[in-house]
There are 2 protein chains.
Amino acid sequence: MEVEVKIRLKHGVADPEGENTKKALNLLGFSNVVAVRTIKTFVIDVKVEGGDRDGAEERVRHEVEEMCKKLLANPVIHEYEINILG
Amino acid sequence: MEVEVKIRLKHGVADPEGENTKKALNLLGFSNVVAVRTIKTFVIDVKVEGGDRDGAEERVRHEVEEMCKKLLANPVIHEYEINILG
């Protein structure tokens, strides 16, 4: 099962990479670029063993949430969104 | 106008960040994680001056493609996808 995890910076947290990208684009002549924000996405392949598919989806979502809490996201500055791609 | 640019590694290009994330997840006990790939997303706010909306969308898409070629993506290893969010 393929799961997409989007890690965004929380509202109000500085995004230096986005800000610098905006500056660089402006310097390159793209003067109508007003803001740039960055999002990190992980696409995770999870092996699912037998069982019913609906139950599996629920289990995988729960497990990926654990992954976010333990490794992928920093709750102080990040918010995350989990999408099951199928 | 808000535009999303997804920068993916081309097929066959090594993704060390994804591989290390997979290893770390396995070590944390998530043994059913088979693979992890990373995608970088830029959300770009582009100022659009007057004119018709359809034409503007086409113009902005073209311009963001130029941004990818000039700064955001490396054509040797990356492929990009542009979505107008509205």
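Note that the coordinates shown come from a computational prediction; the quantities given were computed from them, not determined experimentally. (Residues numbered from 1 in each chain as written. Chains lettered and ligands numbered in written order. Predicted model: local features only at pLDDT ≥ 70, side-chain atom pairs only at ≥ 80, totals over all residues. Heavy atoms only, no water.)

(A) Fine view of the overall build of chain A. In terms of helices and strands, chain A carries two helices and three strands. Sequence-ordered secondary structure for chain A, helices as α and strands as β, is β-α-β-α-β. Expected size for 86 residues packed as a compact globule is a radius of gyration near 12 Å; at 17 Å, chain A overshoots this value by more than 25%. Long-range pairs, those at least 24 residues apart, make up 70% of the contacts in chain A with a sequence separation of at least 6. A gap of 6 Å separates the mean positions of the 13 positive and 16 negative side-chain charges of chain A. (Helix = DSSP H or I, 4+ residues; strand = E, 2+ residues; numbered from the N terminus. Rg over C-alpha atoms; globule rule 2.2 N^0.38 Å. Contact = heavy atoms within 4.5 Å. Lys, Arg positive; Asp, Glu negative; His and termini not counted. Charge placed at Lys NZ, Arg CZ, Asp CG, Glu CD.)

(B) Structural view of the relation of the copies chain A and chain B. Turning chain A through 180 degrees and shifting it by 0.0 Å along the axis lays it on chain B, with an RMSD of 0.0 Å. The superposition of one copy onto the other is thereby described by a two-fold rotation axis. Identified as the residue of chain A closest to the rotation axis by C-alpha distance is Lys40 of chain A, at 2.6 Å. Of the residues that chain A buries at the interface, 100% are likewise interface residues in chain B, meaning the two copies contact each other through the same surface. (Least-squares fit on C-alpha atoms with pLDDT ≥ 70 in both.)

(C) The interface of chain A and chain B, seen in detail. Opposite the 31 residues of chain A that make contact, chain B presents 31 residues. Around 2900 Å² of area is buried between chain A and chain B when both sides are counted, 60% of it from carbon and sulfur atoms. Taken as a group, Phe30, Asn32 and Arg37 of chain A account for 19% of the area that chain A buries against chain B, more than any other trio of residues on that side. Seen at the junction of chain A and chain B, the total is six salt bridges. Our count for the contact surface shared by chain A and chain B stands at 16 residue pairs in polar contact (both at pLDDT 80 or more). Secondary structure elements with two or more residues in the side of chain A that touches chain B: strand 1 (2–9), helix 1 (16–27), strand 2 (33–46) and helix 2 (53–72) of chain A. With 14 residues, the single largest contributor to the side of chain A that touches chain B is strand 2 of chain A. (Buried area = accessible area lost by both parts, 1.4 Å probe. Salt bridge = Lys/Arg side-chain N within 4 Å of Asp/Glu carboxyl O. Polar contact = N/O pair within 3.5 Å; in protein donor to acceptor, adjacent residues only side chain to side chain.)

(D) Inspection of the side chain of Asp15 of chain B at higher detail. Residue and element names in this part refer to chain B. With respect to the helices and strands, the residue Asp15 is situated in the loop between strand 1 (2–9) and helix 1 (16–27). Buried and unpaired, Asp15 has Arg37 as its nearest opposite-charge partner, separated by 6.6 Å. A polar side-chain atom of Asp15 sits 2.8 Å from the main-chain amide nitrogen of Thr38. Sequence-distant contacts of Asp15, that is, excluding residues within four places in its chain, are made with Leu9, Val36, Arg37 and Thr38. (Buried < 20%, exposed > 50% of the residue type's maximum accessible area, 1.4 Å probe, protein only.)

By themselves, these are just geometric observations and shouldn't be taken as functional.
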